[in-house]
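A closer look at the structure
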Amino acid sequence: MSDVVIRTKDLTKSYGTGDARVMALRSVTLDVLHCELMMIVGPSGCGKTTFVSILGALLAPDGGTCELFGLDVPHLGHKAKILFRRKRIGFVFQAFNLLPALTLQENVAVPLLVQGMARTEAMKRAAETLGQVGMEARLDALPSQISGGQKQRVAIARALVHRPQLIICDEPTSNLDHESGHSVMKLLRRLMRTEQTTVLVVTHDNRIFGFADRIAHMDDGKILNIETVTKERSA
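Here is a short report on the structure shown in this document. For every chain, the first residue of the written sequence is number 1, and numbering continues from 1 along that sequence. Local features are withheld for residues below a pLDDT of 70 in this predicted model, meaning they are given only at 70 or higher, and side-chain atom pairs are given and counted only at 80 or more; totals for whole chains, interfaces and linings count all residues. No hydrogens and no water enter the side-chain calculation; it runs on all heavy atoms of the structure.

1. A word on the side chain of threonine 103
Residue placement: threonine 103 occurs in the loop between strand E6 (89-92) and helix H3 (104-114). The contact definition used throughout considers only heavy atoms, calling two residues in contact when any of these lie within 4.5 Å. What threonine 103 contacts, discounting residues up to four positions off in sequence, is Leu139, Asp140, Ala141 and Leu142. Put simply, DSSP H or I for four residues or longer makes a helix, DSSP E for two residues or longer makes a strand, and each gets a number counted from the N terminus.

2. Description of the environment of valine 202
The topology assignment puts valine 202 in strand E8 (residues 198-203). For valine 202, a relative accessible area of 2% gives the class buried. Distance from valine 202 to proline 172, taken between C-alpha atoms, is 8.0 Å for residues 30 residues apart in sequence. In this view, valine 202 contacts Ile40, Lys48, Val52, Cys169, Asp170, Glu171 and Pro172; residues no more than four positions away in its chain are not counted. Buried means the residue's accessible area, taken with a 1.4 Å probe over protein chains only, is under 20% of the maximum for its type, while exposed means over 50%, and partly exposed covers the values in between.

3. Remarks on the packing of H3 against helix H4 (residues 119-132)
A packed helix pair is summarised by two numbers, namely the angle formed by the two axes and the spacing between the axes. The angle between two axes is taken between their N-to-C directions and runs from 0 to 180 degrees, where each axis is a line fitted to C-alpha atoms and a helix contributes only its stretch in contact. The geometry of H3 relative to H4 is characterised by a closest axis approach of 8 Å and an angle of 120° between their N-to-C directions. Looking at the two axes, H3 sits oblique to H4. At the point where H3 passes H4, the crossing takes the right-handed sense. For the pair H3 and H4, the contacting residues are Leu104, Gln105, Glu106, Val108, Ala109, Leu112 and Leu113 in the first and Arg119, Ala122, Met123, Arg125, Ala126, Ala127 and Leu130 in the second. In the contact of H3 with H4, the residues fall into 10 nonpolar, 1 polar and 3 charged. What sets the label is the angle itself: under 35 degrees gives roughly parallel, over 145 gives roughly antiparallel, 65 to 115 gives roughly perpendicular, and the rest give oblique. Left-handed describes a crossing in which the near helix is turned anticlockwise from the far one by less than a right angle; the clockwise case is right-handed. Residue polarity is assigned by list, with Asp, Glu, Lys and Arg as charged and Ala, Val, Leu, Ile, Met, Phe, Trp, Tyr, Cys and Pro as nonpolar; anything else, Gly included, falls into the polar class.

4. Some details on the sheet that holds strand E4 (residues 63-68)
By way of backbone hydrogen bonds, the strands of a sheet pair with one another, either parallel or antiparallel. Strand pairing is defined by DSSP finding a minimum of two bridges between the two strands. Spatial ordering of the open sheet is given by E2-E1-E4-E5, a layout of 4 strands whose pairing is antiparallel. Looking at which strands have only one partner, the edges of the open sheet turn out to be strand E2 (22-33) and strand E5 (71-72). Of the pairings in the sheet, the one linking strand E1 (residues 4-15) to E2 comprises 8 bridges and is antiparallel in character. Pairing of leucine 11 across the sheet is with valine 28, part of E2.

5. Considerations on the packing of aromatic side chains
Only Phe, Tyr and Trp rings are paired, with Trp represented by its six-membered ring, and only when their centres lie within 6.5 Å; those with planes under 30 degrees apart are stacked, over 60 edge-to-face, the remainder tilted. Summed over all chains, the structure comprises 1 aromatic pair. Relative to phenylalanine 93, the ring of phenylalanine 91 lies with its centre 6.2 Å away and its plane at 10°, an arrangement referred to as stacked. Judged by its relative accessible area of 34%, phenylalanine 93 falls in the partly exposed class.

6. Comments concerning unusual backbone geometry
Phi is positive for serine 27, close to 50°, though the residue is something other than glycine. Positive phi, normally seen in glycine, also occurs at arginine 163, with a value near 60°. By the element assignment, arginine 163 lies in the loop between helix H5 (148-160) and strand E7 (166-170).

7. A look at the nonpolar core
Note that soluble globular proteins tend to have their nonpolar side chains buried in a common cluster. Working definition of a nonpolar core: buried Ala, Val, Leu, Ile, Met, Phe, Trp, Tyr and Cys residues. They are joined through side-chain atoms within 4.5 Å. By size, the foremost hydrophobic cluster in this structure holds 44 residues, and its most contacted members are Met39 and Leu130. Those elements giving two or more residues to this core turn out to be strand E3 (37-41), H3, H4, H5, E7, helix H6 (178-195) and E8. Here leucine 130 is in contact with Leu104, Gln105, Val108, Met135, Glu136, Leu139, Val154 and Ala157, once residues within four sequence places are set aside. Within the second largest apolar cluster, 28 residues are counted, among which are Ile40, Cys46, Leu200 and Ala216.

8. Focus on the side chain of arginine 153
With respect to the helices and strands, arginine 153 occurs in helix H5. Of the side chains with opposite charge, glutamate 136 comes closest to the buried, unpaired arginine 153, at an N-O distance of 8.0 Å. For arginine 153, the contacting residues outside a window of four places in its chain are Val133, Gly134, Met135, Ser183 and Leu187. His is not counted, nor are the chain ends, whereas Lys and Arg count as positive and Asp and Glu as negative. Here, a salt bridge means any side-chain nitrogen of Lys or Arg that lies within 4 Å of a carboxyl oxygen of Asp or Glu.

9. Things to note about the layout of surface pockets
There is about 410 Å³ of room inside the largest pocket. A 1.4 Å probe that fits into a set of points on a 1 Å grid over the protein atoms alone but cannot get out defines a cavity; an open set with protein on both sides within 12 Å along at least five of seven lines defines a pocket, and lining residues are those with an atom within 4 Å of a point. Lining the largest pocket we find 18 residues, and of these Phe91, Phe93, Pro111, Arg158 and His162 sit closest to its centre. For the lining of the largest pocket, the secondary structure elements donating two or more residues are helix H2 (78-88), E6, H3 and H5. The element that contributes the greatest number of residues to the lining of the largest pocket is H3, accounting for 4 residues. A per-class count over the lining of the largest pocket returns 10 nonpolar, 5 polar and 3 charged. Grid points are joined across faces, edges and corners, and a volume is the space filled by probe spheres set on the points.

10. Thoughts on the pattern of salt bridges
Considering all chains together, one arrives at 7 salt bridges under this definition. For the salt bridge of lysine 13 with aspartate 62, the shortest nitrogen-to-oxygen distance reads 3.8 Å. Of the two residues, lysine 13 sits in strand E1 while aspartate 62 sits in the loop between helix H1 (48-55) and E4, which places them 49 residues apart along the sequence. On the basis of relative accessible area, aspartate 62 is assigned to the partly exposed category, the value being 46%. When the shortest N-O distance is used, the salt bridge between arginine 214 and glutamate 36 registers 2.7 Å. Of the two residues, arginine 214 is situated in strand E9 (residues 214-219) and glutamate 36 in the loop between E2 and E3; the sequence distance between them amounts to 178 residues. Note on accessibility: arginine 214 and glutamate 36 belong to one class, buried.

The structure is reproduced here in structure tokens:
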């Protein structure tokens, strides 16, 4: 398999029509490599979320190409896109998005249950995955009973439980203090290596830039430059 797992070329996307038309992406070209942590950074409104929404098969571009793992994802049918996301992509959100009435183990099992896995097997794998993120002692806790940093660990476990090839993280540390944020990034880097997963992180948080392999700087719908992070990381 090629080391390039995501390849975009001249991606464009706009919203609105006529005088109200806004260009969100302007000829965005980027290659992302297997088992690397790529950060997408830039000011609010620069196109970061639109870009990763296309990469996550949640949004279709107006033009250009977007290949993930050799598939022309924007041109897949609706059902094929849903299946692609369920099998290949894990999402980690800024607001955690844990279901408050479910235990941590049940929250992590949800993606497997949606895929039709038997509850007993789904709960077993959820417990194993929570163990990978250091939450094995809190399987029966509710989200309201744990800290923000622990909630993000659970959210990462939920993203990882179906063994995706790509994890997309939207501001995973912006709601966390410095220590918790660094702990989450160390965890993501460790899981990236052990699970051989590619990780994309959209962030404004310059405290975590050192955890990236490369950083794509965006503004006004364009990638301005791509920085290779060479300083020693603590992960």
